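# Results of the structural survey
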Amino acid sequence: MIDLRIIIGSVREGRAGLPVARWFEGMAEADPRFDVTVIDLADLALPPVSELELPGTRKYDNDRTKQLSALVEPADAYAQVAPEYKARPPPALKNAFDLLYHEWRYKPVGFVSYGGVSGGMRGVQALKPNLLQFSMMPVPEGVVIPFVGSMIEDGVFHPTEPVEQGAASLLDSLARWAEALRVLRED
């Protein structure tokens, strides 16, 4: 089975990311190829990048960084559930990437983005070049959710058919890339 880690990238109160992530988690859990774990950055309360050593050394002083490392390391693939803030990724998500290095390497990453008219895609596009520096593979398939607020009722996300189709395509892509990159992770 493919170990898929779904990372909720927004930490704000009342965030749409939680109901969207719950929905995507259900989609992934229904797929027999995946063993799914959700990492909610709000639960971790990560510090800003403040380690004394560079992330490449894996010498972490902060217990929260060690906790993040333990959650991220076993994954074969990631799905980021996140909005955009001012056409950028959420600061908490970017910080989580910057705290680690080796744990991210040679793994595919997909995006479930949400927001207003752009559906969070500007934040995704801004993040992709950073992820390449970790030797990650941002997959081209993804889920784009414009006007996400209109799809949430009583804390439950109700996707449209195109959004569901995007999730199925994203899961297929993550499965293919996770298997293709496995040989690099085993070295």
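Now for a description of the structure that goes with this document. (Residues numbered from 1 in each chain as written. Predicted model: local features only at pLDDT ≥ 70, side-chain atom pairs only at ≥ 80, totals over all residues. Heavy atoms only, no water.)

### Topic: the sheet that holds strand 5 (residues 137-145)
Spatially, the 5 strands line up as an open sheet ordered 2-1-3-4-5, and their pairing is parallel. Strands with a single pairing partner mark the edges of an open sheet, and in this sheet they are strand 2 (34-40) and strand 5. Direction aside, the axes of adjacent strands within the sheet are offset by 20° on average. Note: strand 4 (residues 108-114) against strand 5, 6 bridges, orientation parallel. Directly across from Tyr114, in strand 5, lies its bridge partner Ile145. (Pairing = 2+ DSSP bridges. Helix = DSSP H or I, 4+ residues; strand = E, 2+ residues; numbered from the N terminus. Axes fitted to C-alpha atoms, helices over the stretch in contact; angles between N-to-C directions.)

### Topic: the pattern of salt bridges
Applying the stated criterion to the full structure yields 11 salt bridges. Here Arg33 makes a salt bridge to Asp31, at a shortest N to O gap of 2.6 Å. Given a relative accessible area of 32%, Arg33 falls into the partly exposed group. Put simply, Arg122 and Glu84 hold a salt bridge, and the shortest N to O gap is 2.4 Å. Of the two residues, Arg122 is situated in helix 5 (residues 121-132) and Glu84 in the loop between strand 3 (77-82) and helix 4 (91-99); the sequence distance between them amounts to 38 residues. The class of Arg122 is partly exposed, set by a relative accessible area of 47%. The exposure class assigned to Glu84 is buried, which follows from its relative accessible area of 14%. (Salt bridge = Lys/Arg side-chain N within 4 Å of Asp/Glu carboxyl O. Buried < 20%, exposed > 50% of the residue type's maximum accessible area, 1.4 Å probe, protein only.)

### Here's the deal with empty space enclosed by the protein
The gaps of empty space that remain are located by a probe, the size of a water molecule, rolled over the atoms. Overall, the coordinates contain 1 cavity of 30 Å³ or more when judged by the stated rule. Considering only enclosed or pocket space, the largest cavity measures out at about 60 Å³ in volume. For the largest cavity, the full set of lining residues is Gln80, Ala82, Pro83, Pro89, Pro90, Leu93, Phe111, Val112, Ser113, Gly123, Val124 and Leu127. Its residues placed into classes, the lining of the largest cavity shows 9 nonpolar, 3 polar and no charged. (1 Å grid on protein atoms, 1.4 Å probe; cavity = no way out; pocket = protein on both sides within 12 Å on 5 of 7 lines; lining within 4 Å. Points joined across faces, edges and corners; volume = space filled by probe spheres on them. Nonpolar A, V, L, I, M, F, W, Y, C, P; charged D, E, K, R; others polar.)

### Points about the packing of helix 4 against helix 5
Between helix 4 and helix 5, the shortest axis-to-axis distance is 11 Å and the interhelical angle comes to 5°. Viewed along their axes, helix 4 and helix 5 adopt a mutual orientation that is roughly parallel. Judged by residue contacts, Leu93, Lys94 and Phe97 of helix 4 engage Leu127, Asn130 and Leu131 from helix 5. In terms of residue class, the contact of helix 4 with helix 5 is made up of 4 nonpolar, 1 polar and 1 charged. (Parallel < 35°, antiparallel > 145°, perpendicular 65-115°, else oblique. Contact = heavy atoms within 4.5 Å.)

### Things to note about the nonpolar core
Generally speaking, soluble globular proteins have nonpolar side chains that are buried together. Leu4, Phe24 and Ile145 are the most contacted members of the largest nonpolar core, which totals 30 residues. Ranked by residue count, the leading element in this core is helix 6 (residues 161-185), at 7 residues. Here Ile145 is in contact with Val20, Val112, Ser113, Tyr114, Gly115, Gly119, Met151, Phe157 and Val163, once residues within four sequence places are set aside. Counting residues in each nonpolar core, the second largest holds 24 residues, with Leu41, Ala96, Phe111 and Leu127 among its members. (Core = buried A, V, L, I, M, F, W, Y, C linked by side-chain atoms within 4.5 Å.)

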